[in-house]
Amino acid sequence: MAEQTLARFRRKLLWGFIFLLCSCSTTQRIENRSGNDVYKALGVDKDRDDNVALYKQAASWLHVRHMDGGTSRNGTDCSFLVFNLYKTVYHKTIERNSAGMLSKSCEIISRNKLREGDLVFFATNAASKLYVTHVGIYLKGTKFLHSSTSKGVMVSDLDEAYYRRTWVCGGRVK
């Protein structure tokens, strides 16, 4: 009888341990992964001169859902994502909304002058190409991180037709 109870206990303990291992592996935060996993998740190649802190922070926000006015990993808008990355990675406080970032926190730059960490601005409101309504943070090549209203935090390509059409300018934080 005692042997059966002990065997049952061991079996339950084993299943509990297996469950714990499986659940922990699926919730592992990406910023704790190796550098290669971070770059793979972002869809960019690793370079020797990269600001690794930027890429780790960027990857840690991937797939967070979009929420207008959102200010956490439970939901974020594009400007809070950029605001938070700048505060965390560069220790700089910038404006909280995309129009304010462009007018008060940045020097306007052209697309061909973009460097890692620069901001990219878009006018996604069809009514006005003059008013900035969306912001992202430039990574490298043609890739940038932003919070999409339909897909949450993701990496997109500046060469996609939508982003070419809505492009306003780049911004280098002062």
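Below you will find a few notes about this structure. (Residues numbered from 1 in each chain as written. Predicted model: local features only at pLDDT ≥ 70, side-chain atom pairs only at ≥ 80, totals over all residues. Heavy atoms only, no water.)

## Observations concerning unusual backbone geometry
Here is step 1: Residues other than glycine seldom take positive phi values, yet histidine 63 does so here, at roughly 75°.
Here is step 2: One can find histidine 63 in the loop between helix H3 (52-61) and strand E1 (71-72).
Here is step 3: Overall, the relative accessible area of 68% leaves histidine 63 in the exposed class.
Here is step 4: Of note, histidine 91 is a non-glycine position whose phi angle comes to about 55°, a positive value.
Here is step 5: With a relative accessible area of 68%, histidine 91 lands in the exposed category. (Helix = DSSP H or I, 4+ residues; strand = E, 2+ residues; numbered from the N terminus. Buried < 20%, exposed > 50% of the residue type's maximum accessible area, 1.4 Å probe, protein only.)

## Describing the sheet that holds strand E3 (residues 106-109)
Here is step 1: If you trace the 6 strands from one edge of the open sheet to the other, you get E3-E8-E4-E5-E6-E7, paired in antiparallel fashion. The open sheet terminates on both sides in strands that have one partner only, identified here as E3 and strand E7 (152-157). Averaged over all adjacent pairs, the angle separating strand axes in this sheet is 35°, with direction ignored.
Here is step 2: Running at roughly 130° to strand E5 (residues 134-140), H3 makes contact with E5, strand E6 (143-148) and E7 of the sheet. (Pairing = 2+ DSSP bridges. Axes fitted to C-alpha atoms, helices over the stretch in contact; angles between N-to-C directions. Contact = heavy atoms within 4.5 Å.)

## Observations concerning the nonpolar core
Grouped burial of nonpolar side chains is what soluble globular proteins tend to show.
Here is step 1: Leu42, Leu119, Phe121 and Leu145 are the most contacted members of the largest nonpolar core, which has 34 residues in total.
Here is step 2: Among the secondary structure elements, those contributing two or more residues to this core are helix H2 (35-42), H3, helix H4 (78-90), helix H5 (98-105), strand E4 (119-122), E5, E7 and strand E8 (167-173).
Here is step 3: No other element matches H4, which puts 8 residues into this core.
Here is step 4: Apart from residues lying up to four places away in sequence, leucine 145 is in contact with Leu42, Ala58, Leu62, Leu81, Leu85, Gly136, Ile137, Leu139, Val153, Met154 and Val155.
Here is step 5: Core analysis: the second largest hydrophobic core is formed by 9 residues, Ile109, Val120, Phe144 and Tyr163 among them. (Core = buried A, V, L, I, M, F, W, Y, C linked by side-chain atoms within 4.5 Å.)

## Looking at the pairing of E4
Here is step 1: Alternating residues of E4 divide into Leu119 and Phe121 and Val120 and Phe122, and every residue in both groups is buried.
Here is step 2: Across 4 bridges, the pairing between E4 and E5 is antiparallel. When the sheet's bridge partners are listed, valine 120 is paired in E5 with glycine 136.
Here is step 3: Judged from the 4 bridges that link them, E4 and E8 form a sheet pairing that is antiparallel. Considered in E8, the bridge of leucine 119 is made with glycine 171.

## A short note on the environment of leucine 158
Here is step 1: With respect to the helices and strands, leucine 158 occurs in the loop between E7 and helix H6 (161-166).
Here is step 2: Linking leucine 158 and valine 120, residues 38 residues apart in sequence, is a C-alpha distance of 9.1 Å.
Here is step 3: If we skip the residues at most four places from it in the chain, leucine 158 touches Arg111, Leu114, Val120, Phe122, Tyr138, Thr142, Phe144, Tyr163, Arg164 and Trp167.

## Quick word on the pairing of E8
Here is step 1: E8 sits mainly inside the fold: 6 of its 7 residues count as buried.
Here is step 2: Taken together, the 4 bridges between E3 and E8 define a ladder with antiparallel strand orientation. Within the sheet, the bridge partner assigned to isoleucine 109 lies in E8 and is glycine 170.

## A short note on the packing of aromatic side chains
Here is step 1: With the rule as written, the count across this model stands at 9 aromatic pairs.
Here is step 2: Pairing tryptophan 61 with phenylalanine 80 gives two aromatic rings, centres 6.3 Å apart and planes at 65°, and the pair type is edge-to-face. On the criterion of sequence distance, the pair formed by tryptophan 61 in helix H3 and phenylalanine 80 in helix H4 is long-range, its members being 19 residues apart.
Here is step 3: Their ring planes at 80° and their centres at 5.0 Å tell us that tyrosine 162 and tyrosine 163 sit as a pair that is edge-to-face.
Here is step 4: With relative accessibility at 35%, the residue tyrosine 162 sits in the partly exposed group.
Here is step 5: Taking the relative accessible area as the measure of exposure, tyrosine 163 reaches 8% and is therefore buried.
Here is step 6: Just above the ring of tryptophan 61 sits the side chain of arginine 73; from NZ or CZ to the centre is 4.3 Å. (Phe/Tyr/Trp six-rings, centres within 6.5 Å; stacked < 30°, edge-to-face > 60°. Lys NZ or Arg CZ within 6 Å of the ring centre and 35° of its normal.)

It is worth stressing that arrangement in space is one thing and function is another; only the former is reported here.
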